[in-house]
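# A closer look at the structure
Here is what each chain is made of, one letter per residue.
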Amino acid sequence: MEAFIWLVLIILLASAFILVITRKIRPWWKKNLSLLLVLLGIGFVSFQLLFPFHEPLKTSGQLTVITETLYFKHETAFPDYATNESQREIPVKLWLPSQSENEQYPLIIFSHGSFGVAESNESLFLELASHGYAIASLDHPYHSFASTLSDGQTILVDSSFFQSVINSQGSEDLQGTLERFVDWQEIRVEDINFVLDSILQDEINQTYLERINPQAILLAGHSLGGSAALEVGRERADELIGVISLEAPFFGDIQGIEGDEYLFVTEEYPLPVLHFYSDALWGRLDEITTYEMNQRLINSQSAKFVNVHIAGSGHIGLTDLSLVTPTVTNLLDGGLNTKPAYEKLAEINQASLNFLENLEY
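Read on for a plain summary of the structure. (Residues numbered from 1 in each chain as written. Predicted model: local features only at pLDDT ≥ 70, side-chain atom pairs only at ≥ 80, totals over all residues. Heavy atoms only, no water.)

### Concerning the overall build of the chain
Scanning the chain from N- to C-terminus turns up 11 helices and 12 strands. Residues counted as buried form 49% of the 361 residues belonging to the chain. Sequence separation of 24 or more characterises 73% of the internal contacts of the chain that already satisfy a separation of 6 or more. About 17500 Å² of surface is accessible on the chain, with carbon and sulfur atoms providing 55% of the total. (Helix = DSSP H or I, 4+ residues; strand = E, 2+ residues; numbered from the N terminus. Buried < 20%, exposed > 50% of the residue type's maximum accessible area, 1.4 Å probe, protein only. Contact = heavy atoms within 4.5 Å. Areas by Shrake-Rupley, 256 points an atom, 1.4 Å probe, with all protein chains shown as cover.)

### Observations concerning the environment of His-275
Following the sequence through the fold, His-275 ends up in strand β11 (residues 273-277). A relative accessible area of 1% places His-275 in the buried class. C-alpha of His-275 to C-alpha of Leu-297: the two residues are 22 residues apart in sequence and 9.6 Å apart in space. If we ignore the near neighbours within four places in the chain, the residues touching His-275 are Leu-230, Ser-245, Glu-247, Ala-248, Phe-250, Asn-294, Val-306, Asn-307 and Val-308. Within the structure, His-275 has its side chain in polar contact with the side chain of Tyr-277 (distance 3.5 Å). (Polar contact = N/O pair within 3.5 Å; in protein donor to acceptor, adjacent residues only side chain to side chain.)

### Description of the pattern of salt bridges
All told, the structure shown has 10 salt bridges when counted by the stated rule. Note that Arg-234 is salt-bridged to Asp-253, the shortest N-O span being 2.6 Å. You can see Arg-234 sitting in helix α7 (residues 224-235) and its partner Asp-253 sitting in the loop between β8 (242-246) and β9 (254-258), a full 19 residues away along the chain. For Asp-253, a relative accessible area of 2% translates into the label buried. Each of Asp-197, Arg-236 and Glu-239 takes part in salt bridges that share partners, so that together they form one network. (Salt bridge = Lys/Arg side-chain N within 4 Å of Asp/Glu carboxyl O.)

Shown next as structure tokens:
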């Protein structure tokens, strides 16, 4: 209803603009002043429509949450993604309870989707941290919309990566798409592995490391980030306790192509998985060869694999962008976001807490 009111105001202001343009108004400065006021009004109303003010979701946990940003530097195997000569710096934002009291918290390492940012699912991070979990969300330079490094340098999303992702939407070229999958995944997997190794090998700030339980680490991510998390999860299952994925295919499980279908590994996924799906895919996973492994986990009906359908949401609507700018999110999702952002994100938060509370470690 609020969006409808702003839209009506834009239409009225646009009509006023046309009226002022077409009418003879004297002296000239009155006409110019009227045009300026109408344009300012259109700008203000447009901003309110695209970016309505919303209070953050209230956390239900009792713990106070603090945030911090750490920076991980290493020699990268992919020089095109280096941020300084042969080195790659990964900004990692932390959300964790402020109370330590010698208690260690389970850690969730999160990877955002294509063109996302570390804060893409901050409402989830705040909720989990308020219940005693630590979250480390990675910015992936050149894959993030914008990444700010420790020296203040800002790196925007790589245009070739952006175009590659856009061109792959709906592509029927399985071989070409698979090659792009591999290219996108390699740097993500390297980033996650390096951050995970640094944590397990005590190579980060001791102030924060002492609050992390190395025996209780999960991976998580949205879309492309979720695929990278699932790939690393299979490779390093003995060091992890689970994966939380927001609508992501098992890219890393693709072994080849046969006819018009991808071939996936036959071994069952080794870790517990909580997988969220939106209306963009739920009910039609078996029609898309990229999601054959996802459908297999749903069909298994194993308690180890929890699959949650967030009705009234599109793919991007599973992130906090639906809270920041619901209008733009709905346009990008083709009108699938019919449920208020607060409700969708609250469902994700509660299902994640339920999943985490049932894990053994």
